[in-house]
Amino acid sequence: MAAPPDMEVSPTLSLELLPTDPLLLILSFLDYRDLVSCCYLNRRLNQLSSHDPLWKRHCKKYWLISEEEKSRRNQGWRAIFISTYSDLGRYIHYYATLKKAWDDLKQYLGQWCPRMISSLKESVREEDLDAVEAQIRCKLPDDYRCSFRIHNGQKLVVPGLMGSMALSNHYRSEDLLDIDTAAGGFQQRLGLKQCLPLTFCIHTGLSQYMALESVEGRNKYEIFYQCPDQMARNPSAIVMFITGTSYLEWFTSYVNKVVTGGYPIIRGQIFSKCSPLCRYVHDKDCVATTEDITVSVSTSFLPELSSVHPPHYFFTYRIRIEMSKDALPENTCQLESRYWRITNAKGDVEEVQGPGVVGEFPVISPGKVYEYTSCTTFSTTSGYMEGYYTFHCLYNKDRFFNVTIPRFHMVCPVFKVSTA
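Keep in mind it's a predicted model, so treat the numbers as computed, not measured. (Residues numbered from 1 in each chain as written. Predicted model: local features only at pLDDT ≥ 70, side-chain atom pairs only at ≥ 80, totals over all residues. Heavy atoms only, no water.)

As for the packing of aromatic side chains
Tallied over the full model, the rule gives 26 aromatic pairs. With a centroid separation of 6.5 Å and an interplanar angle of 80°, the aromatic rings of Trp340 and Tyr389 are classed as edge-to-face. One end of the pair, Trp340, is in strand β13 (residues 333-344); the other, Tyr389, is in strand β17 (residues 382-393), and 49 residues separate them in sequence. As far as burial versus exposure is concerned, Trp340 and Tyr389 are alike and both buried. A network of ring pairs unites the aromatic residues Tyr32, Trp55, Tyr62, Trp63, Phe81, Tyr85 and Tyr95 as a single cluster. (Phe/Tyr/Trp six-rings, centres within 6.5 Å; stacked < 30°, edge-to-face > 60°. Helix = DSSP H or I, 4+ residues; strand = E, 2+ residues; numbered from the N terminus. Buried < 20%, exposed > 50% of the residue type's maximum accessible area, 1.4 Å probe, protein only.)

Section: the UniProt feature "domain: ApaG" (unreviewed entry) in the protein
When the UniProt feature table is mapped onto this chain numbering, "domain: ApaG" (unreviewed entry) sits at residues 287-417. The span residues 287-417 carries 0% helix and 62% strand; its end-to-end C-alpha distance comes to 35 Å. (UniProt positions renumbered as here; feature names shortened; annotations may be inferred.)

Notes on the nonpolar core
Within the largest apolar cluster, 61 residues are counted, with the highest numbers of intra-cluster contacts made by Leu140, Tyr144, Leu161, Tyr247 and Phe251. The dominant element in this core, judged by the number of residues it contributes, is helix α7 (residues 95-112), at 7 residues. Two domains share this core, each providing at least three of its residues, namely domain 1 (20-90) and domain 2 (97-255). Beyond its immediate chain neighbours, meaning those up to four positions away, Tyr247 contacts Asp143, Tyr144, Ser147, Phe148, Leu176, Leu198, Met210 and Ile223. Grouped together as the second largest cluster of nonpolar side chains are 36 residues, Ile319, Met323, Val403 and Met410 included. (Core = buried A, V, L, I, M, F, W, Y, C linked by side-chain atoms within 4.5 Å. Domains from an automatic or database assignment. Contact = heavy atoms within 4.5 Å.)

Some remarks on the domain arrangement of the protein
When cut into domains, the protein gives domain 1 (20-90), domain 2 (97-255) and domain 3 (280-412). Contacts between the two partners involve 13 residues from domain 2 and, on the opposite side, 18 residues from domain 3. At the boundary of domain 2 with domain 3, total buried surface from both sides reaches about 1,300 Å², with 74% on carbon and sulfur atoms. Across the pair Arg172 and Glu304 runs a salt bridge, and its minimum N-O distance is 2.6 Å. Between the two partners, domain 2 and domain 3, sit 5 residue pairs in polar contact (both at pLDDT 80 or more). Every element with two or more residues in the side of domain 2 that touches domain 3 is listed here: β1 (164-167), β2 (170-176), β6 (223-228) and β7 (238-244). A class-by-class count of the residues in the side of domain 2 that touches domain 3 yields 9 nonpolar, 2 polar and 2 charged. (Buried area = accessible area lost by both parts, 1.4 Å probe. Salt bridge = Lys/Arg side-chain N within 4 Å of Asp/Glu carboxyl O. Polar contact = N/O pair within 3.5 Å; in protein donor to acceptor, adjacent residues only side chain to side chain. Nonpolar A, V, L, I, M, F, W, Y, C, P; charged D, E, K, R; others polar.)

Structural notes on helix α1 (residues 20-27)
Among the residues of α1, Leu23, Leu24 and Leu27 are the ones counted as buried. The arc that holds the buried residues of α1, viewed along the axis, is 100°, so those residues lie on one side. Opposite its buried face, α1 presents the exposed residues Asp21, Leu25 and Ile26, each directed more than 90 degrees away. For α1, the elements touching its buried residues are α2 (32-38) and α3 (43-49). (Arc of directions from axis to C-beta.)

Brief notes about helix α10 (residues 142-150)
A large share of α10 lies buried, amounting to 8 of its 9 residues. Within the sequence span of α10, burial applies to Asp143, Tyr144, Arg145, Cys146, Ser147, Phe148, Arg149 and Ile150.

Side note on the pairing of β13
As judged from the 2 bridges shared by β13 and strand β15 (residues 363-364), these two strands associate in the antiparallel manner. By the bridge assignment for β15, Gln334 is matched with Val363. Bridge analysis of β13 against β17 gives 11 bridges, and the strand direction is antiparallel. Residue Ile342 lies in a different strand from β17, and its bridge partner there is Met385. (Pairing = 2+ DSSP bridges.)

A closer look at the sheet that holds β2
One open sheet holds the 3 strands; their spatial order is β1-β2-β4, and the pairing between them is antiparallel. Strands at the two margins of the open sheet, each flanked by one partner only, are β1 and β4 (199-201). For this sheet, the mean angle separating the axes of adjacent strands, direction not counted, is 20°. Of the pairings in the sheet, the one linking β2 to β4 comprises 3 bridges and is antiparallel in character. Within the sheet, the bridge partner assigned to Asp175 lies in β4 and is Phe200. (Axes fitted to C-alpha atoms, helices over the stretch in contact; angles between N-to-C directions.)

Digging into the side chain of Asn152
Along the chain, Asn152 falls in the loop between α10 and β1. Side-chain polar atoms of Asn152 contact the backbone nitrogen of Ile179, separated by 2.9 Å. Residues within four places of Asn152 in sequence aside, it is in contact with Lys121, Glu122, Ser123, Val124, Asp178 and Ile179.

Looking at the state of the cysteines
Evaluation of the coordinates by the stated rule reveals 0 disulfides. Not part of a disulfide, Cys146 finds its nearest cysteine sulfur in Cys59, a span of 16 Å. (Disulfide = S-S within 2.5 Å.)

Comments concerning the pattern of salt bridges
With the rule as written, the count across this model stands at 24 salt bridges. Of the charged contacts, one joins Asp87 and Arg149 as a salt bridge, the two residues approaching to 3.1 Å between their closest N and O atoms. Here Arg149 lies in helix α10 and Asp87 lies in helix α6 (residues 77-88), a separation of 62 residues in the sequence. On the basis of relative accessibility, which here comes to 40%, the residue Asp87 falls in the partly exposed class. For Asp142, the salt bridge is made with Arg90, and the minimal N-O distance between the two is 2.8 Å. Here the residue Asp142 occupies a position in helix α10, and Arg90 occupies one in the loop between α6 and α7, the gap between them amounting to 52 residues. What makes Arg90 partly exposed here is its relative accessible area of 42%. Connected through shared salt-bridge partners, Asp87, Arg90, Glu126, Asp130, Glu133, Lys139, Asp142, Arg145 and Arg149 make up one network.

So this is what it looks like as structure tokens:
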């Protein structure tokens, strides 16, 4: 039906008639996929979606490209996004997270553990990762591949990037393996079928592994320490202490703990281990102050000295005793003895009392710190310790006083029993 002659007909709204600025604003909210799709709709949207500033946000979000790097490359934002995507596009959901983790770690190492920087290896190429997949006949997860496109692990050196542990005559330091060394250690034997080593300690010969397939009771891409079942007749019976559910979670959680000061740095080494075990974990609430003396505790679980069958869970703890720098010099004192109350998960209590600590009788003066490491074992998967130190004053030898050791808990990580 035709419109009456006296009625005005509004012109059809067209993209060609819309002003440029509002359209660019709308396009700035689109994700990169939708922005690319707009290129194919019509000529106007093709021109607008090629507007270089629109791609700045995506370059920063997905590839962490800074203004300085853009100037160095002497390319526009759109060209940088496209060229980077053509190389690393399959990793777009992992790259920014892993690149930031590596950058944060390197910045931290440069300040606190500079000699580790030289042990890091340059990135590998896609074809190198493809060749490893062909060699081991298993697919590598994209987050693992992505990390190796940034850094190819490290050289086999001490100290290791993935943390160290020292206890009496037991020392462990884990390197993050490069792709070729990891491929050389790929396992097909019973108990570790289709498992790829991620780390290696040259002192103990032990590794953390990633399962590349869901076999022998493992989940695909699960990361774990192996522990032999000492009560099984089958030598392939392996118990797994789980340290991560994916490479991304495993690596980034470790880095976050390192750079936020969650692990002590001792003589240029990170005294920790990756994921929820084999590391000194300091609970900020696990601190007690008596007069001028503060005691704090860090704890760690050692899978290499533990077993599930029979139940024997080995923990180490590091204690820091510090006198306030504002204390009076006449408050200088010496540790005389220790008392421990040790409780396992069943509520069984053991009391221990003896002279000194680890054979020493440290003197504590204003501003001085004394640290030592000791260990305990439980037949249960968890337990806790608490107690006190007895000190005597050096300037008033008739004065003795007790210093509280805060209660600290030790918990074995999640583990899986072998299906063998």
